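# Structural overview
So you can see what is in the structure, the chains are spelled out below.
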Amino acid sequence: MCGIFTVIPKKNKKINLYKCISSLNKLKRRGPDWSFHKVINNVFFGQTVLSMTGNEKKNISNHISRSQNFFLNYNGEIYNYKSLKKEFTKDIFSNNLSDTNILINLFDIKKYTEINKLLDGMYAYVVSDKKRKKIYISRDPQGEKSLFKFENGENIIISSEIEPILNYTNYKDIDTDVLSTYFNSRHFIQFEKTIYKDIKIIEPGDLIEIDLNKLTTRKINNLSIRSYVSEKQFTRNLNRSEDDLLDELDHLIKKNLLEMIPEKRSFASVVSGGIDSSLVSSYLDEISDPKKFFSINHVNKDYISNKVYKFNKYFSKKITSIRVHEKKYLENLEISTKICSGPINSHDFVGKLILAEETKKNNCKAIFGGDGADELFGGYETYIQNIKNSKKNYSNYTKILNHDFFDKNKEFKYFENKLKNNWNKSLESYDFVKNKVEKNRLAMMLIDSSVQLPSVGLRGSDLMSMYYSVESRSLFLRKEIVKFSLNLPLKYKIDFSNKKKVLTKVLLKKLFVKKFEKKLLFRKQGFSGFPNEVGKYLGLYKNFKIHKYFGRLHYKSIKDISSTFKWKIFNTEFFIKFYEKNILNFK
């Protein structure tokens, strides 16, 4: 894990090296081991480094290809880097085996448009092609690693986070129309637009080329996880037994986890009491030696966390329960808002930040969790609701929520169209499924995996964990497991045979009961933390600053608002207070 900061000046302006380094230093938490910068063709390439593979010594040569033509800024982990070395001849790479070195040397021997298809991991990179005077920018297709792009008449800037861009440009303009779309979905879903007018999100799977001669930017292609859906594999799985599929999933979990375990670095794993993280931790305990197991307990709020102690007998180490009270949640909400430079995308960002802090205190450099399992394997109850119109998206996570807080504007239409386009593509991916209701349910899981997951859960894992220099690792986002899950027929995700008790996440639950008692299958928990309790610290609703930015809301009293929208108002108000104090007043 690392931090990337790249500045491309326009109008033949010279690089302001002081401002570049000052902004790069804002990413020191993402890469505390060392940092470097290099100027190529009047472009600043800077990176902070958290060393997770290979030699921990400072070595910028790992970022330069053997031909000396390509230079790399890179954030993430390429888990299949050892197999890539074997595949593309041993003498093409240096003796220092690291994923960074493997990745940059691939640009010497493969066409740049083909490289992402070879990679299995989480990544965001910026590559300089010195001869062609081009820059290539990309993110992993599942969206684990964040990357932002700013452009105005003077500069193009690429950064792992928004704060360094604000620092470099002193840019402050918020687009309240974009911000208002937060109220149109369950969590804060963002596509390429951020709440800052000239700062964009490079979307998952995008490959972008910048021509330094013309200073033009174009998207070359997009590698989406939708491309993993295969009619051939899906049809084959229809005729396989449940035991056969369980054996394959068991094999894939062990194989992929072995590639993910940090070498010579301590790591931790989450045991939330839910199926996903508990399964991951159990496998890790069998094949490796996690230094710590953590659970988080929002005191008097978490039904499941109070029962995590029942898992202790299944692990080699006692699970450490982190008790979080309302005040601690509030303190970490403020930090989370600062990290995001905006409202946090989900209330669980706070818990992820607290887990990362404890992981850091215990001298661990990585933490394993269960991100993605609910979307990919059918864990949410939204997937079992009655489907009246098979062409409509019913998922509570990616459907439009209509409200009467604000008047609909052009950004609402943009947001609505983006969701519709992604929904249509998700439906089309399963065109070969004859049962229209089954097709609908599978498409819901796919759009949630490709839209909601990278925008919310994975962004939180990246931004929150890296604040404490901890790498978040998600087993269920490995390429083989994503492909496996997306090609599972619905009956292996949701079992409707018992109408009184529909079973979600079928295969994962079957694996779970092979490792734990069945009575540890707890019902799913709702809101985590104290999101609505923090409202009491914001003062009187009638004095909220949100009214100044959006006009007076249509509700006279906060008591008239549902708990879901209440949290959105509190979250936005927290950000506005932070924005006015720390960004508008920044000189």
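Residues numbered from 1 in each chain as written. Predicted model: local features only at pLDDT ≥ 70, side-chain atom pairs only at ≥ 80, totals over all residues. Heavy atoms only, no water.

A few words now on the packing of helix 11 (residues 349-361) against helix 14 (residues 436-467). Where helix 11 meets helix 14, the axes come as close as 8 Å, and the angle between the chain directions of the two elements is 35°. Helix 11 and helix 14 meet at a crossing whose hand is right-handed. When helix 11 is examined against helix 14, the residues F349, K352, L353 and A356 are found in contact with a partner set consisting of V456, G457, R459, G460, S461, M464, S465 and Y467. Of the residues in the contact of helix 11 with helix 14, the class split is six nonpolar, four polar and two charged. (Axes fitted to C-alpha atoms, helices over the stretch in contact; angles between N-to-C directions. Helix = DSSP H or I, 4+ residues; strand = E, 2+ residues; numbered from the N terminus. Left-handed = near helix turned anticlockwise from the far one by under 90°. Contact = heavy atoms within 4.5 Å. Nonpolar A, V, L, I, M, F, W, Y, C, P; charged D, E, K, R; others polar.)

Spatially, the six strands line up as an open sheet ordered 2-3-1-8-7-9, and their pairing is antiparallel. This sheet does not close on itself; its edge strands, each paired only once, are strand 2 (34-40) and strand 9 (199-201). Going from strand to strand, the sheet's axes swing by 15° on average, the running direction of each strand aside. Sheet analysis places strand 1 (residues 2-9) next to strand 8 (residues 155-159), joined by five bridges and oriented antiparallel. Directly across from V7, in strand 8, lies its bridge partner I157. (Pairing = 2+ DSSP bridges.)

For the pair helix 10 (residues 326-340) and helix 18 (residues 563-583), interaxial distance at closest approach is 10 Å and the crossing angle is 65°. Crossing handedness for the pair helix 10 and helix 18: right-handed. Residues Y329, L330, L333, E334, T337 and K338 of helix 10 pack against W567, F574, F575 and F578 of helix 18. Residues of the contact of helix 10 with helix 18, tallied by class, amount to seven nonpolar, one polar and two charged.

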